[in-house]
Amino acid sequence: MDLHFEELLGKITDFIKSEAKTETVVGEQFELGEFKCVPVIKVGLGFGSGGGEGIEPKKGKGQGMGAGAGMGIEPIGFLVTKDDEISFLETGKAHGLSAAFEKVPDLIEKLVENRRKEKEAEMA
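Here is a short report on the structure shown in this document.

Here the focus is the overall build of the protein. Tallying secondary structure elements over the protein gives three helices and four strands in all. Reading the secondary structure of the protein in the N-to-C direction produces α-α-β-β-β-β-α. Each of the 124 residues in the protein was classed as buried or not, and the buried ones make up 16%. Across the protein, every contact between residues at least 6 apart in sequence was considered, and the portion connecting residues at least 24 apart equals 49%. Only carbon and sulfur atoms are counted for the fraction: they give 55% of the accessible area of the protein, which is about 9300 Å².

As structure tokens, this is what we get:
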């Protein structure tokens, strides 16, 4: 049985290069009022392969091969900027990208409130 491990490894390496790159992990910037937000995700990859061969003179020859791969993407937070300030807002354990986007208004509201309190403290 010829598994061509070098060819398989090359294809896997090419896949990782094309999918697990900065552009995949750090998403497109979007604006929310005066804030600029960049979603940040975690990418996980897994793969495996195997094969077997058996020869029995009375029953003939048998062989088998298998391979599989999986990829997972999980939102972990947002880089949020306003003027010259930047913060990372963690999303926590979300159940998909939509759950992360649902948290954006609350996170921005907290940022604005903290900023307001800082300005009040500076004026006092």
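Turning our attention to the pattern of salt bridges. Opposite charge on two side chains makes pairing possible when the charged atoms of those side chains draw close. A complete count under the given rule lists six salt bridges for this structure. Its salt-bridge partner being Glu113, residue Arg116 comes within 2.2 Å of it at the nearest N-O pair. Of the two residues, Arg116 and Glu113 are both situated in helix α3 (residues 97–123); the distance of three residues between them amounts to about one turn of the helix. On the accessibility criterion, Arg116 (37% relative accessible area) is partly exposed. For Glu113, a relative accessible area of 31% translates into the label partly exposed. A salt bridge links Glu118 to Arg115; its shortest N-O distance comes to 3.6 Å. Taken as a pair, Glu118 and Arg115 lie in helix α3 at a separation of three residues, close to a single helical turn. Residue Arg115 is classed as partly exposed on the basis of its relative accessible area, which comes to 26%. Put simply, Glu85, Arg115 and Glu118 are held in one network by salt bridges that share partners.

It is worth spelling out a nonpolar patch on the surface at this point. A grouping of Phe15, Ile16, Leu45, Phe47, Met71 and Ile73 is seen on the molecular surface, where their side chains present a nonpolar patch of about 520 Å² in accessible area. Listing elements by their share of the nonpolar patch, those giving two or more residues are α1 (5–19), β2 (35–56) and β3 (60–82).

Thresholds applied
- Residues numbered from 1 in each chain as written.
- Predicted model: local features only at pLDDT ≥ 70, side-chain atom pairs only at ≥ 80, totals over all residues.
- Heavy atoms only, no water.
- Helix = DSSP H or I, 4+ residues; strand = E, 2+ residues; numbered from the N terminus.
- Buried < 20%, exposed > 50% of the residue type's maximum accessible area, 1.4 Å probe, protein only.
- Contact = heavy atoms within 4.5 Å.
- Areas by Shrake-Rupley, 256 points an atom, 1.4 Å probe, with all protein chains shown as cover.
- Salt bridge = Lys/Arg side-chain N within 4 Å of Asp/Glu carboxyl O.
- Patch = residues over 30% accessible without salt bridge, like charges linked within 9 Å, V, L, I, M, F, W, Y side chains within 5 Å.

These figures capture arrangement, not role.
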